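A structural walkthrough
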Amino acid sequence: MNIALFFQNILNGLSIGSVYAIFALGYTLIFSILGIINFAHGAVFTLGAYFTYALMGGAFGFNGLLANAQLPLSLPFWLATVLSGVLAGGVGVAIERLAFRPLRRRRADPLLTVVSSLGVALIIVNMIQYLVGAENYTFPADTFGNLPPAINFGTADNPIPIRTVQIVIFLVSVIILGILTYLINATKYGKAMRAVAEDPTTASLLGINTDRFIVLTFFVSSFLAAVAGSLVGSSVSIAGPYFGIGFGLKGLAVIVLGGLGSIPGAVIGGLLIGLVEAFVPGEYSAYKDAVAFGILFIVLLVRPQGLLGRTYMQKV
């Protein structure tokens, strides 16, 4: 492997890995608070990509209830992505209210909550298919304005071309990760969220409205899923209503690899899997997922709690 291809793979791996990290953080936030996996997260990822596509003036196909529909506006990508995140955050709040809160108040078995989230995911995916069909949708060619399709990080003799979309994805992901880190570590919301995650009962006795912070966490989690979906959609197009299923599985691999409930672990796990995938030779690209999950399997054999996870002791 020459040096140009090596650096190209590094930059590509960091780009996709940072998106994995953003997506996995949404899983991690919910798990930190409720101790369960929200399987509707992948469906919200898909929904976010569709929201952004529609807000950018994209037209839908010939199938579905909204066949040939198109909004009378065309927002720039960054604004459409932010609004998409807000809309998806609202969907996340609705999911919490309808699928999680009733079971939580009844102190239902956590397995029932997982099943409930799977049901919500199926509803969202089927609603998307009912409304806009199962076609692939590609973002406009001028999604990022007048930026060139690729940027050369090498020289004329030894070019290292990187797609502009990959650079934008990486920069946006770094900004979001920085904001989220500040939000969790340096704000009252972050401190309250960590308190609720540590012990909801004690946090409630100390005056923290746990329900309000759970709702806010669902909003942030869904916002992150929508942004990740928009970034990936701008790079590889929206591959139909089941677009988020594969990324949902990859997000689970990331949080298990990094350590369940560990925010730094989600970031490191996402970047690690992204880098591993980037170095899979092109002729074996169909086996990228197998390589990533193979590494996850090996790590868990050596360290079952993940890279940065804690070992929990159960009293009996």
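One can find the structure itself at the top, above this paragraph.
Report on the accompanying structure. (Residues numbered from 1 in each chain as written. Predicted model: local features only at pLDDT ≥ 70, side-chain atom pairs only at ≥ 80, totals over all residues. Heavy atoms only, no water.)

1. Digging into the overall build of the protein chain
On a plain count of helices and strands, the protein chain comes out with 11 helices and two strands. Beginning at the N terminus, the succession of helices and strands in the protein chain can be written as α-α-α-α-β-β-α-α-α-α-α-α-α. Projected onto the principal axes, the alpha-carbon positions of the protein chain cover approximately 65 × 50 × 35 Å. Residues classed as buried in the protein chain amount to 46% of the 316 residues present. Of the roughly 15,900 Å² of accessible surface on the protein chain, a fraction of 68% belongs to carbon and sulfur atoms. Positive and negative charge centroids in the protein chain, built from 16 and 11 side chains respectively, lie 15 Å apart. (Helix = DSSP H or I, 4+ residues; strand = E, 2+ residues; numbered from the N terminus. Buried < 20%, exposed > 50% of the residue type's maximum accessible area, 1.4 Å probe, protein only. Areas by Shrake-Rupley, 256 points an atom, 1.4 Å probe, with all protein chains shown as cover. Lys, Arg positive; Asp, Glu negative; His and termini not counted. Charge placed at Lys NZ, Arg CZ, Asp CG, Glu CD.)

2. Focus: helix α2 (residues 41-55)
Across its 15 residues, α2 extends 21 Å between first and last C-alpha, which sits within 8% of the 21 Å expected from 1.5 Å per residue. The buried count for α2 comes to 14 of 15 residues, which makes it a mostly enclosed element. Downstream of α2 by one or two residues, Gly57 has phi in the positive range, about 90 degrees. (Expected span 1.5 Å × (residues − 1).)

3. Comments concerning the packing of aromatic side chains
In this structure the tally under the stated criterion is 16 aromatic pairs. Seen in terms of ring centroids, Phe6 and Phe7 are 5.6 Å apart; in terms of plane orientation they differ by 80 degrees. Their pairing is edge-to-face. With relative accessibility at 39%, the residue Phe7 sits in the partly exposed group. Aromatic side chains Phe45 and Phe247 sit 5.0 Å apart centroid to centroid with 25 degrees between the ring planes, which places their arrangement in the stacked category. Taken together, the residues Phe45 in helix α2 and Phe247 in helix α9 (residues 243-258) connect sequence positions 202 residues apart. Residue Phe45 shares its accessibility class with Phe247, and that shared class is buried. The rings of Tyr20, Phe23, Tyr27, Phe45, Phe243 and Phe247 are connected pair by pair, giving a single aromatic cluster. (Phe/Tyr/Trp six-rings, centres within 6.5 Å; stacked < 30°, edge-to-face > 60°.)

4. Quick word on the nonpolar core
Ranked by internal contacts, the top residues of the largest apolar core, which has 75 residues, are Phe45, Ile95, Ile124, Leu224 and Ile238. Setting aside residues up to four positions removed in sequence, Leu224 forms contacts with Ile22, Leu25, Gly26, Leu29, Ile176 and Leu180. (Core = buried A, V, L, I, M, F, W, Y, C linked by side-chain atoms within 4.5 Å. Contact = heavy atoms within 4.5 Å.)

5. Observations regarding the environment of Leu272
Among the structural elements, Leu272 can be located in helix α10 (residues 263-278). Overall, the relative accessible area of 31% leaves Leu272 in the partly exposed class. Put simply, Leu272 and Ile295 are 23 residues apart on the chain and 9.7 Å apart in space, counted from C-alpha to C-alpha. Among residues more than four places away in sequence, those in contact with Leu272 are Leu257 and Leu307.

6. As for the packing of α2 against helix α3 (residues 77-105)
For the pair α2 and α3, the least separation of the axes is 8 Å and the interaxial angle reads 140 degrees. Accordingly, the angle class assigned to the pair α2 and α3 is oblique. For α2 against α3, the interelement crossing comes out right-handed. On α3, the residues touching Val44, Leu47, Gly48, Phe51, Thr52 and Leu55 of α2 are Phe77, Ala80, Thr81, Leu83, Ser84, Leu87, Ala88, Val91 and Ile95. Taken together, the residues of the contact of α2 with α3 break down into 11 nonpolar, four polar and no charged. (Axes fitted to C-alpha atoms, helices over the stretch in contact; angles between N-to-C directions. Parallel < 35°, antiparallel > 145°, perpendicular 65-115°, else oblique. Left-handed = near helix turned anticlockwise from the far one by under 90°. Nonpolar A, V, L, I, M, F, W, Y, C, P; charged D, E, K, R; others polar.)

7. Thoughts on unusual backbone geometry
With a phi angle near 65 degrees, Asn68 is a residue other than glycine that sits in the positive phi range. Residue placement: Asn68 occurs in the loop between α2 and α3. Even without being a glycine, Arg107 presents a positive backbone phi close to 55 degrees. Inspection of the secondary structure assignment puts Arg107 in the loop between α3 and α4 (110-132).

8. Side note on α3
An ideal rise of 1.5 Å per residue puts 42 Å on 29 residues; α3 measures up with 40 Å between its terminal C-alpha atoms. Along its length, α3 reaches its greatest deviation from straightness, about 35 degrees, at Glu96. Where α3 terminates, the next one or two residues include Arg107, which has phi positive at roughly 55 degrees. (Bend = angle between axes of the 7 residues up to and from the residue.)

9. Some thoughts on the environment of Thr46
Along the chain, Thr46 turns up in helix α2. For Thr46, a relative accessible area of 1% gives the class buried. For Thr46 and Gly240, which are 194 residues apart along the polypeptide, the C-alpha to C-alpha distance reads 8.4 Å. Residues contacting Thr46, with those up to four places away along its chain left out, are Ile128, Gly240, Pro241, Phe243 and Gly244.

10. Comments concerning a nonpolar patch on the surface
Together, Leu65, Leu66, Ile123, Met127 and Tyr130 line one region of the surface with nonpolar side chains, adding up to about 510 Å² of accessible area. Take Leu65: it is sitting in the loop between α2 and α3. On the accessibility criterion, Leu65 (55% relative accessible area) is exposed. (Patch = residues over 30% accessible without salt bridge, like charges linked within 9 Å, V, L, I, M, F, W, Y side chains within 5 Å. Salt bridge = Lys/Arg side-chain N within 4 Å of Asp/Glu carboxyl O.)

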